Amino acid sequence: MEICSQKMKIFESSKEKKFLILIMLLGLLVILLVGLNTDLFLGDETWHYRFASTIYQTGQRPIYDSLLNYSDVGKMRCVVDVLWHYGLVSFWKLSGGISRVTAQIYHTLYYLLLVTVTYLLGKELYGPKKGLDSVFLLISIPMVPIFSTVLHFDTAVAALVALCFLMLAKRLYLWAGISLGLLFLMKRNVYLLLPGVIWVTLFSQKDSLKGRFKRLLLLCIPAILITAPDFYFRIKNFGFDFLLPFPPGRTYLPVIKEFFLSSPVPWDMERIRYDISNLLSHPEALFTHFGFVLLISIAIYLIKKKYEKKDLFLLVLVISCLLLFIIASPKVGFMLRYLSPLIPLLAVIGSLGISFIDSQVLRRILVFGCILQFLVASGYIFFQRRIPLELNELYK
């Protein structure tokens with residue numbers, strides 16, 4: 001399998017450049033307006049904000065949550081991945097101190113990175129037209145505006161995944177390894193992509209065993225060096241249990257069994273049911289998280305069956321990740337948001353499906369659908385990301 005490695009200008013034309021910048025800025029404006037006019041409330045975002053604040057104030061990475069560190073029983077280990085937090089701390093130092101506004105601005109930078117690198121990845125593999133189509137599909141994925149607003153790591157992970165695979169497509173394996181190391185520090189659900197990354201590194205070029213081994217070293221050495229301090233911190237403070245992205249002993253299999261065989265639903269089910277991305281308790285999550293337009297575009301690509309050899313670059317990565325997700329689902333509770341690393345890859349695959357649509361009317365309908373999904377997801381966050389009146393005192 002040969003991957004395109006030609007050196008190309010970032011933009012083929014000024015029109016293309018202006019169009020992409022317009023998409024980025026309009027999306028950025030909406031995300032910032034929603035983010036700055038809502039509250040830190042959804043999911044773990046208040047915890048992540050407080051964790052970064054603690055690092056800023058103390059200059060150290062906390063071992064235990066300071067709010068729950070009141071007894072040996074009540075200690076909560078801070079086993080979270082820390083790259084996002086240290087990036088925010090650095091941003092605060094540059095901007096003059098802890099601020100909710102600057103935290104929101106910092107977070108949206110990952111949206112800009114994701115859009116830019118997804119375009120470059122699509123362009124590197126299939127040309128500038130597919131790059132632009134990839135961007136339209138990308139912003140239509142509800143997870144993108146949602147997680148670009150809520151202070152979770154998923155958009156940041158997707159951005160670094162796109163960067164890592166852009167480096168692989170360009171055969172810049174050292175830089176791919178650096179990106180991979182940063183990914184492990186951002187959120188370790190990217191372990192789901194690791195077998196596919198290794199496969200692409202080894203078999204993307206037809207050469208000797210020595211050449212393949214050299215590429216693997218270029219990929220692995222920087223990734224290991226970057227992640228080594230984090231591994232040391234975890235072993236020193238938590239032992240070996242939290243080296244893996246999914247701690248041993250945690251499984252949802254008994255809960256899943258109860259879900260199907262008993263009524264009413266047992267209280268343990270709430271451990272996996274609370275998350276609306278859970279495919280088991282929320283089958284509609286496939287559409288609410290990935291969007292109709294992306295799924296339709298991918299379906300067109302699969303139905304047409306006009307595959308190219310270079311498609312393996314993306315398909316191997318996606319299929320291997322999905323298989324590992326299924327295997328790991330008893331550990332992660334079937335939560336689709338753990339598939340956020342696939343977002344840029346699926347957008348590029350979807351752009352291949354769009355290329356089979358000749359009708360300008362249908363293409364415009366798809367573009368309208370992309371914009372509509374982005375606005376609906378942003379509107380959902382605008383109304384949901386608010387502290388209820390009865391909880392206002394707790395958040396002061």
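So, how was this worked out
Residues numbered from 1 in each chain as written. Predicted model: local features only at pLDDT ≥ 70, side-chain atom pairs only at ≥ 80, totals over all residues. Heavy atoms only, no water. Helix = DSSP H or I, 4+ residues; strand = E, 2+ residues; numbered from the N terminus. Buried < 20%, exposed > 50% of the residue type's maximum accessible area, 1.4 Å probe, protein only. Contact = heavy atoms within 4.5 Å. Areas by Shrake-Rupley, 256 points an atom, 1.4 Å probe, with all protein chains shown as cover. Patch = residues over 30% accessible without salt bridge, like charges linked within 9 Å, V, L, I, M, F, W, Y side chains within 5 Å. Salt bridge = Lys/Arg side-chain N within 4 Å of Asp/Glu carboxyl O. pLDDT = per-residue confidence, 0-100. Core = buried A, V, L, I, M, F, W, Y, C linked by side-chain atoms within 4.5 Å. Expected span 1.5 Å × (residues − 1). Arc of directions from axis to C-beta. Polar contact = N/O pair within 3.5 Å; in protein donor to acceptor, adjacent residues only side chain to side chain.

## Describing the overall build of the protein
Step number 1: Counting its regular elements, the protein contains 17 helices and zero strands.
Step number 2: Taking all 396 residues of the protein together, the buried fraction comes to 51%.
Step number 3: Expressed as a percentage of contacts within the protein between residues at least 6 apart in sequence, the contacts between residues at least 24 apart total 75%.
Step number 4: Counting only carbon and sulfur atoms, one obtains 69% of the accessible surface of the protein, whose full area is about 19,200 Å².

## Some thoughts on a nonpolar patch on the surface
Step number 1: Together, Leu279, Leu286, Phe287, Phe292 and Ile296 line one region of the surface with nonpolar side chains, adding up to about 420 Å² of accessible area.
Step number 2: Elements represented by at least two residues in the nonpolar patch include exactly helix H13 (285–290) and helix H14 (292–304).
Step number 3: In this structure isoleucine 296 comes out as partly exposed when scored by relative accessible area, which is 42%.

## Some words on the confidence of the model for the protein
Step number 1: When pLDDT is averaged along the protein, the result is 85; 85% of the residues meet or exceed 70.
Step number 2: Throughout residues 1–11 the model reports pLDDT below 50, and contacts reaching past four residues in sequence, or to other chains, amount to 38 contacts.

## Description of the environment of asparagine 189
Step number 1: With respect to the element layout, asparagine 189 can be found in the loop between helix H8 (173–186) and helix H9 (194–203).
Step number 2: Asparagine 189 sits 32 residues away from valine 157 along the chain, and the two C-alpha atoms are 9.0 Å apart.
Step number 3: Not counting chain neighbours up to four residues away, the residues in contact with asparagine 189 comprise Val157, Arg337, Tyr338, Ser340 and Pro341.

## Digging into the nonpolar core
What tends to happen in soluble globular proteins is that the nonpolar side chains get buried as a cluster.
Step number 1: The biggest cluster of nonpolar side chains holds 103 residues, and the ones touching the most others in it are Trp84, Leu121, Phe165, Leu168, Phe313 and Leu345.
Step number 2: Among the elements that line this core, the one with the most residues is helix H7 (residues 154–169), at 13 residues.
Step number 3: Excluding residues that lie within four positions of it along the chain, leucine 168 makes contacts with Tyr173, Ala176, Val197, Val200, Thr201, Leu219 and Phe313.

## Comments concerning H14
Step number 1: When the terminal C-alpha atoms of H14 are compared, their 18 Å separation across 13 residues agrees well with the 18 Å that a helix rising 1.5 Å per residue should span.
Step number 2: Buried within H14 are the following residues: Val293, Leu294, Ser297, Ile298 and Tyr301. Seen end-on, H14 carries its buried residues on one side only, within an arc spanning 130°.
Step number 3: Just downstream of H14, lysine 305 is the residue with a positive phi angle, here 55°.

## Details of helix H3 (residues 83–95)
Step number 1: Taking 1.5 Å per residue, 13 residues should reach 18 Å; H3 reaches 18 Å between its end C-alpha atoms and fits that length.
Step number 2: Considered for burial, the residues of H3 that qualify are Trp84, His85, Leu88, Val89 and Trp92. The buried side chains of H3 occupy one side of the element, clustering within an arc of 140° when seen end-on. Those residues of H3 that are exposed and angled more than 90 degrees off the buried face are Lys93 and Leu94.

## Topic: the side chain of threonine 155
Step number 1: As for its position among the elements, threonine 155 is in helix H7.
Step number 2: The class of threonine 155 is buried, set by a relative accessible area of 2%.
Step number 3: For threonine 155, the side chain forms a polar contact with the side chain of serine 148, separated by 3.2 Å.
Step number 4: In contact with threonine 155, other than residues within four places in its own chain, are Tyr110, Tyr111, Leu114, Met143, Val144, Phe147 and Ser148.

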